[in-house]
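Overview (structure and organization)
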Amino acid sequence: MFQIRQANSTDLNKIYALYKKVATETTGLARSGDEIIVDYVQNFMENSSNTGIELVVDNPANSNQIIAEIHCYKLIPRTFSHVLSELTIAVDPDHQGQGIGRMIFTHLLDFITNSRPDVLRVELISREFNLKAISFYESIGFTREGKFEKRIRSNENEFEADIPMAWFNPNFKTLK
């Protein structure tokens, strides 16, 4: 049975290992394996801890391994204080297809719905060619909001679009 929990600072090396593996073995992340460095992981962990949410799933067969992670956090300008952005999910390639991504994503959105009335909008960006991911995001309530043409450079002569998507918290309350 998979358990979801909030990430903590002691998870840094395990999350780093997960991101390194996902970036090396799949095309699900915008960064390649050599772009996954400890500072990058530490930065999103700190931002998520300070203003957002970060959840992980430990490997039930190996307590030294995290097999899924999702995070998002608020951007700095106050004008975006109702938005969680930079949403990223990583699922270990050896554990994909088991419903772990849906489980952790659903948990995140349920947590926001029930515990974060300050958040109206959760946003993410998906590569245009990743139709499976876009379909998945739509199935859990995200809507497409446009297209950033030729935003991703695949190699010297190929470009693809990014698809911005958003989900809205039905329990948002304007803070006074």
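Summarised in this report is the structure supplied together with it.

Reading the values: the criteria
Residues numbered from 1 in each chain as written. Predicted model: local features only at pLDDT ≥ 70, side-chain atom pairs only at ≥ 80, totals over all residues. Heavy atoms only, no water. Helix = DSSP H or I, 4+ residues; strand = E, 2+ residues; numbered from the N terminus. Expected span 1.5 Å × (residues − 1). Buried < 20%, exposed > 50% of the residue type's maximum accessible area, 1.4 Å probe, protein only. Phe/Tyr/Trp six-rings, centres within 6.5 Å; stacked < 30°, edge-to-face > 60°. Salt bridge = Lys/Arg side-chain N within 4 Å of Asp/Glu carboxyl O. Pairing = 2+ DSSP bridges. Right-handed = clockwise from strand over helix to strand, strands pointing away. Core = buried A, V, L, I, M, F, W, Y, C linked by side-chain atoms within 4.5 Å. Contact = heavy atoms within 4.5 Å.

Thoughts on helix 3 (residues 100–115)
Helix length check: helix 3, at 16 residues, gives a terminal C-alpha distance of 22 Å against a target of 22 Å (1.5 Å per residue), a fit within 8%. Where helix 3 is concerned, the buried positions are Ile 100, Gly 101, Ile 104, Phe 105, Leu 108, Leu 109, Ile 112 and Thr 113.

What to know about the packing of aromatic side chains
Per the counting criterion, the structure on display carries eight aromatic pairs. Both rings, one in Tyr 19 and one in Phe 44, keep their centres 5.0 Å apart while their planes meet at 45 degrees; by these two values the pair is tilted. Of the two residues, Tyr 19 is situated in helix 1 (residues 12–25) and Phe 44 in helix 2 (residues 38–51); the sequence distance between them amounts to 25 residues. The same class applies to Tyr 19 and to Phe 44, which are both buried. For the ring pair Tyr 40 and Phe 44, a centre distance of 5.2 Å and an interplane angle of 75 degrees mean the geometry is edge-to-face. Of this pair, Tyr 40 and Phe 44 both sit in helix 2, separated by four residues, roughly a single helical turn. Residue classification places Tyr 40 among the buried positions, given a relative accessible area of 18%. Feature note: the residues Phe 105, Phe 136, Tyr 137 and Phe 142 constitute an aromatic cluster, connected by ring pairs.

A closer look at the pattern of salt bridges
A side chain of one charge can pair with a side chain of the opposite charge if their charged atoms are brought near each other. Overall, the coordinates contain 12 salt bridges when judged by the stated rule. A salt bridge links Asp 92 to Lys 21; its shortest N-O distance comes to 3.2 Å. With a gap of 71 residues between them, Asp 92 in the loop between strand 4 (83–91) and helix 3 and Lys 21 in helix 1 connect regions that are remote in the sequence. According to the relative accessible area criterion, Asp 92 is buried, its value standing at 1%. Residue Lys 74 is joined to Asp 118 by a salt bridge in which the shortest nitrogen-to-oxygen separation is 2.6 Å.

Looking at the pairing of strand 5 (residues 121–127)
For strand 5, the tally of buried residues reaches six of seven residues, placing the bulk of the element in the interior. As paired strands, strand 4 and strand 5 are joined by two bridges and run parallel to one another. Within strand 5, the residue paired with Leu 84 across the bridge is Val 122. Assessed by its sense of winding, the connection that carries the chain from strand 4 through helix 3 to strand 5 is right-handed. Here strand 5 runs beside strand 8 (residues 158–168); their pairing, made up of seven bridges, is antiparallel. Paired with Ser 126 across the bridge in strand 8 is Ile 163.

Considerations on the nonpolar core
Grouped together as the largest cluster of nonpolar side chains are 29 residues, with contacts concentrated most on Leu 87, Phe 105, Leu 108, Tyr 137 and Phe 142. Among the elements of the structure, strand 2 (53–59), strand 3 (62–73), strand 4, helix 3, strand 5, helix 4 (131–139) and strand 8 are those that each provide at least two residues to this core. Ranked by the residues each element gives to this core, the list is headed by helix 3, at six residues. Not counting the four nearest positions on each side in its chain, Phe 142 is found in contact with Leu 87, Phe 105, Leu 109, Val 122, Leu 124, Tyr 137, Met 165, Ala 166 and Trp 167. Leu 18, Leu 29, Phe 44 and Val 56 belong to the second-largest nonpolar core, a separate cluster that totals 16 residues.

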